[in-house]
Amino acid sequence: MSVAKYKRIVLKISGEALAGEQGFGISPEIIKTVAKQVKEVAELGVEIAIVVGGGNIWRGKVGSEMGMDRATADYMGMLATVMNSLALQDSLEKLEVPCRVSTSIEMRQVAEPYIRRKAIRHLEKKRVVIFAAGTGNPYFSTDTTAALRAAEIEADVILMAKNNVDGVYSADPLTNKDAIKYTELTYLDVISQGLEVMDSTASTLCMDNDIPLVVFSIMETGNIKRAVLGEPIGTVVRRNL
Ligand code: UDP
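What counts and how
- Residues numbered from 1 in each chain as written.
- Predicted model: local features only at pLDDT ≥ 70, side-chain atom pairs only at ≥ 80, totals over all residues.
- Heavy atoms only, no water.
- Helix = DSSP H or I, 4+ residues; strand = E, 2+ residues; numbered from the N terminus.
- Rg over C-alpha atoms; globule rule 2.2 N^0.38 Å.
- Buried < 20%, exposed > 50% of the residue type's maximum accessible area, 1.4 Å probe, protein only.
- Contact = heavy atoms within 4.5 Å.
- Areas by Shrake-Rupley, 256 points an atom, 1.4 Å probe, with all protein chains shown as cover.
- Lys, Arg positive; Asp, Glu negative; His and termini not counted.
- Charge placed at Lys NZ, Arg CZ, Asp CG, Glu CD.
- Expected span 1.5 Å × (residues − 1).
- Arc of directions from axis to C-beta.
- Near = heavy atom within 4 Å.
- Polar contact = N/O pair within 3.5 Å; in protein donor to acceptor, adjacent residues only side chain to side chain.
- Nonpolar A, V, L, I, M, F, W, Y, C, P; charged D, E, K, R; others polar.
- Axes fitted to C-alpha atoms, helices over the stretch in contact; angles between N-to-C directions.
- Parallel < 35°, antiparallel > 145°, perpendicular 65-115°, else oblique.
- Left-handed = near helix turned anticlockwise from the far one by under 90°.
- Salt bridge = Lys/Arg side-chain N within 4 Å of Asp/Glu carboxyl O.
- Phe/Tyr/Trp six-rings, centres within 6.5 Å; stacked < 30°, edge-to-face > 60°.
- Lys NZ or Arg CZ within 6 Å of the ring centre and 35° of its normal.

**What to know about the overall build of the protein**
Line of reasoning, step 1. On a plain count of helices and strands, the protein comes out with nine helices and 11 strands.
Line of reasoning, step 2. Taken over C-alpha atoms, the radius of gyration comes to 17 Å for the protein, in line with the 18 Å a tight globule of 241 residues would show.
Line of reasoning, step 3. Viewed in the frame of its principal axes, the protein has a C-alpha envelope of about 55 × 50 × 35 Å.
Line of reasoning, step 4. Across the 241 residues that make up the protein, the buried fraction comes to 50%.
Line of reasoning, step 5. Put simply, of all contacts in the protein between residues at least 6 apart along the chain, 72% involve residues at least 24 apart.
Line of reasoning, step 6. Element-wise, carbon and sulfur atoms account for 51% of the exposed surface of the protein, whose accessible area totals about 11600 Å².
Line of reasoning, step 7. Charge centroids of the protein, computed over 28 positive and 30 negative side chains, lie 6 Å from each other.

This is the structure in structure tokens:
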């Protein structure tokens, strides 16, 4: 029988990953495959928290570049993550995976408000918890949300599922054929070399709280399970090597 390397995980899925080839909105096929992969991991007995991005619908930075007030644009981004979270919850429940959406911005009719101890209780009862609405604060990202919630719930690892890349590279592999893929890095490497893994706020939070990160591609079916089993996929980032 397969034995999971981690007891409790935070899975970060970017909004873009949910858009699929259409590049915008939510692809029903993609969300179904993501839900199936999450179910496989839940069947290993792993406690799963998910942070979903919102970039497939709205990014605060784009709004502010268009002349909008940054905070307002960021709140719109946080609302976008709620839509993605509800779509993922729906897909998980269709597969009979118990799931709760916990939002940082209160909207009682839609989902339960984030209460740390309640979220931990859901996890202990083997319910998947989706953290929606980011941190609830403008000027932050869902990567930072993943780092913050991972620290709060004492997760063993953050699994960062990417849609366009299968790990961390020395340069953008889509535009630079000489880019080298790393298997292991420290957070200091990421920050000092300006590698595009997560934003610096999220990286320092992970570093300070000693939370390891695995960056891998979600486009290959079964990769979330592989990452949970500790198979060498993608790139591992830690405080110390
Ligand atoms: N956002 C925010 N505070 C948070 C999390 C997210 O203001 O704590 C906003 C921000 O505008 C961001 C948008 O929500 O652009 C969508 O999140 P993100 O860009 O992190 O999503 P992803 O790139 O993972 O799809």
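And the narrative resumes.
**Topic: helix α2 (residues 28-42)**
Line of reasoning, step 1. The end-to-end C-alpha distance of α2, which contains 15 residues, comes to 21 Å, matching closely the 21 Å that a straight helix rising 1.5 Å per residue would cover.
Line of reasoning, step 2. Those residues of α2 that sit buried are I30, I31, V34, A35, Q37, V38 and V41. Buried residues along α2 cover an arc of 160° about the axis, so they all sit on one side. Within α2, the exposed residues directed more than 90 degrees away from the buried face are E29, K32 and K36.

**A short note on the site of the ligand**
Line of reasoning, step 1. Residues in contact with the ligand amount to 22 residues; listed here are only the nearest, R59, D74, T135, N137 and T142.
Line of reasoning, step 2. R59 places a side-chain nitrogen or oxygen 2.6 Å from an oxygen atom of the ligand.
Line of reasoning, step 3. Contact distances for the ligand include 2.5 Å between an oxygen atom and a side-chain N or O atom of D74.
Line of reasoning, step 4. Protein chains bury 92% of the 520 Å² of accessible surface belonging to the ligand in isolation.
Line of reasoning, step 5. For the shell around the ligand, the elements supplying multiple residues, two or more each, are α1 (15-19), α4 (70-94) and α6 (142-152).
Line of reasoning, step 6. Of all the elements, α4 adds the most residues to the shell around the ligand, at three residues.
Line of reasoning, step 7. Looking at the shell around the ligand, its residues break down into five nonpolar, 13 polar and four charged.

**Things to note about the packing of α6 against helix α8 (residues 200-208)**
Line of reasoning, step 1. Their axes nearest at 8 Å, the elements α6 and α8 cross at an angle of 15°. As judged from the angle between their axes, α6 and α8 are roughly parallel. Where α6 crosses over α8, the handedness of that crossing is left-handed. In this structure, α6 uses D143, T144, A147 and L148 to contact α8, whose residues at the interface are T201, A202, L205 and C206.

**Digging into the pattern of salt bridges**
Line of reasoning, step 1. Under the defined criterion, the tally for this structure stands at 16 salt bridges.
Line of reasoning, step 2. Ionic pairing is found between K12 and D143, a salt bridge with its closest N-O pair at 2.7 Å. Taken as a pair, K12 in strand β1 (residues 8-13) and D143 in helix α6 lie far apart in primary sequence, 131 residues in all. Both residues of the pair, K12 and D143, belong to the buried class.
Line of reasoning, step 3. Here R238 and E184 are joined by a salt bridge, their closest N and O atoms 2.9 Å apart. In this pair, R238 sits in strand β11 (residues 235-238) while E184 sits in strand β9 (residues 184-186), placing the two residues 54 residues apart along the sequence.
Line of reasoning, step 4. The class for E184 is partly exposed, based on a relative accessible area of 39%.
Line of reasoning, step 5. Three or more residues joined by partner-sharing salt bridges are found here, namely K7, R8, E47 and K126.

**Overview of α6**
Because each turn of an α-helix spans 3.6 residues, side chains separated by three or four positions end up pointing in the same direction.
Line of reasoning, step 1. The buried fraction of α6 amounts to eight of the 11 residues, a majority that puts the element mostly inside the structure.
Line of reasoning, step 2. Restricting attention to buried positions, one finds in α6 the residues T142, D143, T144, T145, A146, A147, R149 and A150.
Line of reasoning, step 3. Where α6 begins, one side-chain oxygen reaches toward the backbone nitrogen of D143, 3.3 Å away; that side chain belongs to S141.
Line of reasoning, step 4. Directly after α6, the chain includes E154, whose backbone phi takes a positive value near 55°.

**Notes on the packing of aromatic side chains**
Line of reasoning, step 1. This structure, assessed with the given rule, holds one aromatic pair.
Line of reasoning, step 2. With 5.5 Å between their ring centres and 85° between their planes, Y114 and F131 make a pair best called edge-to-face. One end of the pair, Y114, is in the loop between β4 (112-113) and α5 (116-124); the other, F131, is in strand β5 (residues 128-132), and 17 residues separate them in sequence. Per residue, the accessibility class of Y114 equals that of F131, and both read buried.
Line of reasoning, step 3. Here R149 stacks its cationic end above the ring of Y114, 3.6 Å away from the centre of that ring.
Line of reasoning, step 4. The lysine or arginine in question, R149, covers the ring of F131, its NZ or CZ lying 5.6 Å from the ring centre.

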